[in-house]
Amino acid sequence: MAVYGGIQAHELERWLNALTNAAYDRRCPLVKVHGGNARARTARQDLLHLANNYRCGEASPEDSAAALGRWCQTYLSEPEWYVLVGARKAPAQSHSEEGLTKEARTKQELAKQELAKQEQSLTVLQQHRVG
């Protein structure tokens, strides 16, 4: 479980800009937002609503920062969070390949390929980093 939050009111504008840019960057994993196109649209709408409320003065900076922390917890994966805050990535689990069956090795290779794909997406996300 990631430790989301810690978004300070004085950093809010930077966070809103970075997340909005990342959410609309087609090379970025935030475009998919873990659940398909409908969820991605909802995430973007929620983010734009938060930004609008903050920028129009309808919500205080502290309330907006708390709401943005909840948005991050809802829509971001743990590796995406770590990339955005500029911290080192969450530790990856490694498994020993000794004593694995052929089927298990195939599954492990597929998992490695998926991990490589995620790593590539996260490198794109680094340009939107906040921290």
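Now for a description of the structure that goes with this document. Note that the structure is a prediction, hence the values are computed from the model and not measured. (Residues numbered from 1 in each chain as written. Predicted model: local features only at pLDDT ≥ 70, side-chain atom pairs only at ≥ 80, totals over all residues. Heavy atoms only, no water.)

Quick notes on the overall build of the chain
- On a plain count of helices and strands, the chain comes out with five helices and zero strands.
- Listing every helix and strand of the chain by position from the N terminus yields α-α-α-α-α.
- Of the accessible surface of the chain, which amounts to about 8400 Å², a share of 50% is contributed by carbon and sulfur atoms. (Helix = DSSP H or I, 4+ residues; strand = E, 2+ residues; numbered from the N terminus. Areas by Shrake-Rupley, 256 points an atom, 1.4 Å probe, with all protein chains shown as cover.)

Description of the side chain of Asn53
- Turning to its location among the elements, Asn53 is positioned in helix α2 (residues 37-55).
- Excluding anything up to four places from it in sequence, Asn53 contacts Glu58 and Ala59. (Contact = heavy atoms within 4.5 Å.)

Digging into the packing of helix α1 (residues 12-24) against α2
- Between α1 and α2, whose axes approach to 10 Å, the crossing angle comes to 155 degrees. Our classification of the angle between α1 and α2 gives roughly antiparallel. Two packed elements cross with a definite hand, and for α1 against α2 that hand is left-handed. The segment α1 lies against α2, with Leu12, Glu13, Leu16, Asn17, Leu19, Thr20, Ala23 and Tyr24 engaging Arg44, Leu47, Leu48, Ala51, Tyr54 and Arg55.
- A per-class count over the contact of α1 with α2 returns nine nonpolar, two polar and three charged. (Axes fitted to C-alpha atoms, helices over the stretch in contact; angles between N-to-C directions. Parallel < 35°, antiparallel > 145°, perpendicular 65-115°, else oblique. Left-handed = near helix turned anticlockwise from the far one by under 90°. Nonpolar A, V, L, I, M, F, W, Y, C, P; charged D, E, K, R; others polar.)

Observations regarding the packing of α1 against helix α3 (residues 61-75)
- It is the contact of α1 with α3, at a shortest axis distance of 10 Å, that shows an interaxial angle of 35 degrees. When you trace α1 past α3, the crossing you get is left-handed. For the pair α1 and α3, contact is made by Leu12, Trp15, Leu16 and Leu19 and by Pro61, Ser64, Ala65, Leu68, Trp71 and Cys72, respectively.
- The class makeup of the residues in the contact of α1 with α3 is nine nonpolar, one polar and no charged.

Focus: the nonpolar core
- Formed by 31 residues in total, the largest nonpolar core has its most connected members in Trp15, Leu19, Leu68 and Trp71.
- When contributions to this core are tallied by element, the ones reaching two or more residues are α1, α2, α3, α4 (78-85) and α5 (102-125).
- Per-element accounting of this core gives the leading share, seven residues, to α1.
- Those residues in contact with Trp71 that lie beyond four places of it in its chain are Leu19, Ala43, Asp46, Leu47, Leu50 and Leu76. (Core = buried A, V, L, I, M, F, W, Y, C linked by side-chain atoms within 4.5 Å. Buried < 20%, exposed > 50% of the residue type's maximum accessible area, 1.4 Å probe, protein only.)

Considerations on the pattern of salt bridges
- Summed over the entire model, instances satisfying the criterion amount to three salt bridges.
- Residue Glu13 is joined to Arg55 by a salt bridge in which the shortest nitrogen-to-oxygen separation is 2.7 Å. Within this pair, whereas Glu13 is found in helix α1, its partner Arg55 is found in helix α2, the two being separated by 42 residues in sequence.
- With relative accessibility at 44%, the residue Arg55 sits in the partly exposed group.
- For Arg27, the salt bridge identified is with Asp25, shortest N-O distance 3.1 Å.
- According to the relative accessible area criterion, Asp25 is buried, its value standing at 11%. (Salt bridge = Lys/Arg side-chain N within 4 Å of Asp/Glu carboxyl O.)

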